[in-house]
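# Examining the three-dimensional arrangement
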Amino acid sequence: GSLWLTERPGRIRVVRDGRLEPQPVVTLPVAAVGESGLMGLALDPDFARTGWLYTCYTAEKSGGLVNRIVRLTVRGGRAGDEHVLVDNLPGASIHDGCRLKFGPDGRLYATTGDAGQRPLSQRLDSLAGKILRMNADGSAPGDNPFPGSLIWALGLRNPQGIAWDSAGRLWASEHGPSGFPGGHDEINLIEPGKNYGWPEVYGKAGDARFAEPVIESGRSTWAPSGIAVLGD
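The model shown is predicted, which means the values in this text are computed figures rather than measured ones. (Residues numbered from 1 in each chain as written. Predicted model: local features only at pLDDT ≥ 70, side-chain atom pairs only at ≥ 80, totals over all residues. Heavy atoms only, no water.)

### Re the state of the cysteines
- Counting across every chain of the model gives one disulfide.
- Here Cys-56 engages in a disulfide with Cys-98; their sulfurs sit 2.0 Å apart. Pair noted here: Cys-56 is in strand E6 (residues 52-61) and Cys-98 is in the loop between strand E8 (78-90) and strand E9 (100-102), with a separation of 42 residues, a long-range link.
- By relative accessible area, Cys-56 is classed as buried at 2%.
- Among the residues examined, Cys-98 registers a relative accessible area of 3% and is labelled buried. (Disulfide = S-S within 2.5 Å. Helix = DSSP H or I, 4+ residues; strand = E, 2+ residues; numbered from the N terminus. Buried < 20%, exposed > 50% of the residue type's maximum accessible area, 1.4 Å probe, protein only.)

Next up, the structure:
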């Protein structure tokens, strides 16, 4: 019955009975630069028993920025015992992705942006510009499309919303390119192993090598972040 939320400078907060608790459950040492900082949050499906919560945040490392997926344990109203699941995800002041959600299959899904390095989205040796799927301990499930890899889908610029419909299908929102040509934000039906084209193509390009969005914004922009499926 509680609402859990992140604040970009590093605080995880709780709303109970419609009121914000005065103290954060934890304040993490994040690098909040531009679009980076403390971002995605997901509670373990068995949170009442485990006390586990998962978050994705940007940290400074070796003079640069990385994104990190971690698991914390909540005890007595405080979160601690940080366990790093995935480290060294490319980070930047833009395009960090970092939406976390548990799917109906019980796996943890995470979105990652290209961190301003467009070619990474097409590389299978990089986790940038992808949708990742992992076990609750951060390991790669045996039925992922690329053996031993967390990658579930690739070729994405900066996906910030994921949601499942009643049929168990995964949908994602995607920010199209800025500047010229701008627009071409996308809503994609995500299927395992599919390549969604960035940066080679964007929007409905008619290129058979890549999966097409179900809908896109054309030359206008939606700047889509979170999404939810209702009444399907």
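### Quick word on the pairing of strand E15 (residues 186-190)
- Counting buried positions along E15 gives four out of five residues, so the element sits mostly inside the fold.
- Judged from the five bridges that link them, strand E14 (residues 170-174) and E15 form a sheet pairing that is antiparallel. Within E15, the residue paired with Ser-173 across the bridge is Ile-187.
- One ladder, built from two bridges, connects E15 with strand E16 (residues 215-216); its direction is antiparallel. Residue pairing for E16: Ile-187 is matched across the bridge by Ile-215. (Pairing = 2+ DSSP bridges.)

### Comments concerning the side chain of His-184
- As for its position among the elements, His-184 is in the loop between E14 and E15.
- A residue is classified by how much of its surface remains accessible, and His-184, at 14% relative accessible area, is buried.
- If near-sequence neighbours (up to four positions away) are discounted, His-184 is found in contact with Gly-176, Pro-177, Tyr-202, Gly-203, Glu-216, Ser-217, Gly-218, Arg-219 and Ser-220. (Contact = heavy atoms within 4.5 Å.)

### Points about the sheet that holds strand E5 (residues 38-43)
- Here four strands make up an open sheet; going across it, the order is E5-E6-E7-E8 and the pairing antiparallel. Only two strands of the sheet have a single neighbouring strand rather than two, namely E5 and E8. Averaged over all pairs of adjacent strands, the angle between their axes in this sheet comes to 25°, without regard to strand direction.
- One ladder, built from ten bridges, connects E6 with strand E7 (residues 64-75); its direction is antiparallel. Within E7, the residue paired with Glu-60 across the bridge is Leu-65. (Axes fitted to C-alpha atoms, helices over the stretch in contact; angles between N-to-C directions.)

### Observations regarding the pattern of salt bridges
- This model, assessed by the stated rule, comprises twelve salt bridges.
- One salt bridge in this structure joins Glu-7 and Arg-13, with 3.3 Å as the shortest N-O distance.
- With relative accessibility at 10%, the residue Arg-13 sits in the buried group.
- Here Arg-209 makes a salt bridge to Asp-207, at a shortest N to O gap of 2.7 Å.
- Taking the relative accessible area as the measure of exposure, Arg-209 reaches 58% and is therefore exposed. (Salt bridge = Lys/Arg side-chain N within 4 Å of Asp/Glu carboxyl O.)

### Considerations on the nonpolar core
- Ranked by internal contacts, the top residues of the largest apolar core, which has 18 residues, are Ile-69, Val-86, Leu-100, Leu-108, Leu-132 and Met-134.
- When residues of this core are traced back to their parent elements, those giving at least two are E5, E6, E8, E9, strand E10 (108-111), strand E11 (130-134) and strand E12 (151-154).
- Looking at this core element by element, the count peaks at three residues for E8.
- Leave out the neighbours within four places in its chain, and Leu-108 touches Ala-42, Tyr-54, Leu-85, Leu-100, Lys-101, Phe-102, Leu-132, Arg-133 and Met-134.
- Grouped together as the second largest cluster of nonpolar side chains are 17 residues, Ile-12, Val-26, Val-74 and Ala-79 included. (Core = buried A, V, L, I, M, F, W, Y, C linked by side-chain atoms within 4.5 Å.)

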